[in-house]
Amino acid sequence: MYNAFFGFTQNPFNMSPDPSFLFRSPQHEEALANLIYGVQSRKGFIVLTGEVGTGKTTMLECLRDFLNAQQIAFASLFNSRLTVEQFFEMLAYDLELRCNKLSKTEVLLSLNSMLLERAGAGRTTVLIVDEAHNLEWDVLEEIRLLGNLENRRGKLLQIILAGQQELDSKLERAEFRQLKQRISLRCALRGFDLEEAAAYINSRMARAGVKDQKIIPHPIIEEIHYRSQGIPRLINSICDNLLLTAFAMESKVTTLEMLDEVTADMRLEYSKESAIPPR
Ligand SMILES: Nc1ncnc2c1ncn2[C@@H]1O[C@H](COP(=O)(O)OP(=O)(O)OP(=O)(O)O)[C@@H](O)[C@H]1O
Ligand SMILES: [Mg+2]
């Protein structure tokens, strides 16, 4: 709506986990490097955790781009509220296994021969599970067993579990200790610090066509960082609403009053006492 007004060629703060808008903060860079390294060196289990909206799904999208480019086969599960039967069925569909997808035994046999064949040709296979904190115990147990498949060169299936921080605490529970022991790489995402948040906002605007932006001045960015706790998704929605408000008021520069209105409308909770005073 406001794109033409500010000179954007596309929406700078859209909410989708689009790799073309990737901002390579050191922690995102490290997480992606870990995922890629884990897959390439056949580490088996890799866990990516982080607060809601910190960029986990975005990292998985980037990993998928990498896997596609390297022609590495993968299955990707987004809906983690699955029964064991549904899990095997989805796995079979994603990996295009030629078998009765409704039979767990057939899927396992077919998967096993596919993994061995691929491993024999020096290739690996990946299972990506997003929202893994929602997985039921019995599905996690099946995933653990899949992670046991190996030949002398390493694990046959690389398994990436991504989820909110509850995943970490879930893995601490006694019944998951076998799985926990098998996790060879862990990475975590947190909110941006101020410098990263400023670079993030500026980079999204530049990517959308406005370099060296003056629309959101630095003191307002400081406030956005504070009120969003540096969480990328919250930064996006604050900035999007802020630009909309400025557009409605026909102003090319955003102000603290506009931000107050936006965060009040969003019912954003932050401690008012320690807010950075406006300059
Ligand atoms: N490094 C990044 N570069 C560009 N955009 C990012 C980055 N990290 C997060 N975002 C943006 O933040 C928003 C939330 O990211 P994402 O959906 O990946 O978070 P999540 O951790 O998967 O959240 P949830 O816990 O709700 O699943 C998206 O709009 C995404 O574009
Ligand atoms: Mg996500």
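Just so we're clear, the structure is a prediction, and the values are computed from it rather than from any experiment. Residue positions are given per chain, counting from 1 as you read along its sequence in written order. Lettering for chains starts from A, numbering for ligands starts from 1, and both go in the order in which the items are written. Reporting of local features is limited, given that this is a predicted model, to residues whose pLDDT is at least 70; pairs of side-chain atoms are given and counted only at 80 or more, and all residues count toward the totals for whole chains, interfaces and linings. Side-chain figures throughout are based on the complete set of non-hydrogen atoms in the structure, without hydrogens or water.

**Topic: the packing of aromatic side chains**
Moving on, step 1. Any two of the Phe, Tyr and Trp rings considered here, Trp counted by its six-membered ring, make a pair once their centres fall within 6.5 Å; the pair's planes then place it as stacked at under 30 degrees, edge-to-face at over 60, or tilted in between. Here the structure, examined in full by the defined rule, presents 10 aromatic pairs.
Moving on, step 2. Between the aromatic rings of F23 and Y200, the centroid separation amounts to 5.8 Å while the plane-to-plane angle is 70°, which identifies the pairing as edge-to-face. Of this pair, F23 sits in the loop between α1 (3-6) and α2 (26-40) while Y200 sits in helix α9 (residues 194-207), placing them 177 residues apart in sequence. Y200 carries the same exposure label as F23, and that label is buried.
Moving on, step 3. The interplanar angle of 80° and the centroid separation of 6.1 Å between the aromatic rings of Y226 and Y270 together place this pair among those described as edge-to-face. Of the two residues, Y226 is situated in helix α10 (residues 218-228) and Y270 in the segment after α12 (256-265); the sequence distance between them amounts to 44 residues.
Moving on, step 4. Ring pairing ties together the aromatic residues Y2, F5, F6, F8 and F247, which thus form one cluster.
Moving on, step 5. Any Lys NZ or Arg CZ found within 6 Å of a ring centre and within 35 degrees of that ring's normal is scored as a charge over the ring. Stacked on the ring of Y93, the Lys or Arg K101 has its end atom at 5.0 Å from the ring centre. We count a stretch as a helix when DSSP gives it H or I for four or more residues in a row; a strand needs E for two or more, and each element gets its number in order from the N terminus. When a residue's accessible area, from a 1.4 Å probe over protein chains only, is under 20% of the maximum for its type it is buried; when over 50% it is exposed; and in between it is partly exposed.

**Some details on helix α4 (residues 84-94)**
Moving on, step 1. All of the buried residues in α4 are V84, F87, F88, L91 and A92. Burial along α4 is one-sided: seen end-on, the buried residues are contained in an arc of 130°. Turned more than 90 degrees away from the buried face of α4 sit E85 and Y93, all of them exposed.
Moving on, step 2. Only heavy atoms enter the contact rule, under which two residues are in contact if any of them lie within 4.5 Å. In this fold, the buried residues of α4 make contact with β2 (73-77), α5 (104-120), β3 (125-129) and α6 (137-146).
Moving on, step 3. A positive backbone phi angle near 50° is found at E96, which sits one or two residues after α4. Note that the arc is computed from the directions linking the helix axis to the C-beta atoms.

**Considering the site of ligand 1**
Moving on, step 1. We call a residue near a molecule or strand as soon as one heavy atom of that residue lies within 4 Å of the molecule or strand. Among the 22 residues in the neighbourhood of ligand 1, the closest are listed as F23, K56, T57, T58 and R204.
Moving on, step 2. All accessible areas in this document rest on Shrake-Rupley with a 1.4 Å probe, and a residue is counted as covered only by the protein chains that are shown. Alone, ligand 1 offers 630 Å² of accessible surface; in the complex the protein occludes 96% of this.
Moving on, step 3. Secondary-structure elements contributing two or more residues to the shell around ligand 1 are α3 (56-69), α9 and α11 (232-248).
Moving on, step 4. Amino acids outside the nonpolar list (Ala, Val, Leu, Ile, Met, Phe, Trp, Tyr, Cys, Pro) and the charged list (Asp, Glu, Lys, Arg) are all regarded as polar, and Gly is one of them. Residues of the shell around ligand 1, tallied by class, amount to eight nonpolar, 10 polar and four charged.

**A word on unusual backbone geometry**
Moving on, step 1. For E131, which is not glycine, the phi torsion reads 55° and is therefore positive.
Moving on, step 2. Inspection of the secondary structure assignment puts E131 in the loop between β3 and α6.
Moving on, step 3. Overall, E131 belongs to the partly exposed group, its relative accessible area being 31%.
Moving on, step 4. The backbone phi angle of D212 is positive, close to 45°, even though this residue is not glycine.
Moving on, step 5. Its location among the elements puts D212 in the loop between α9 and α10.

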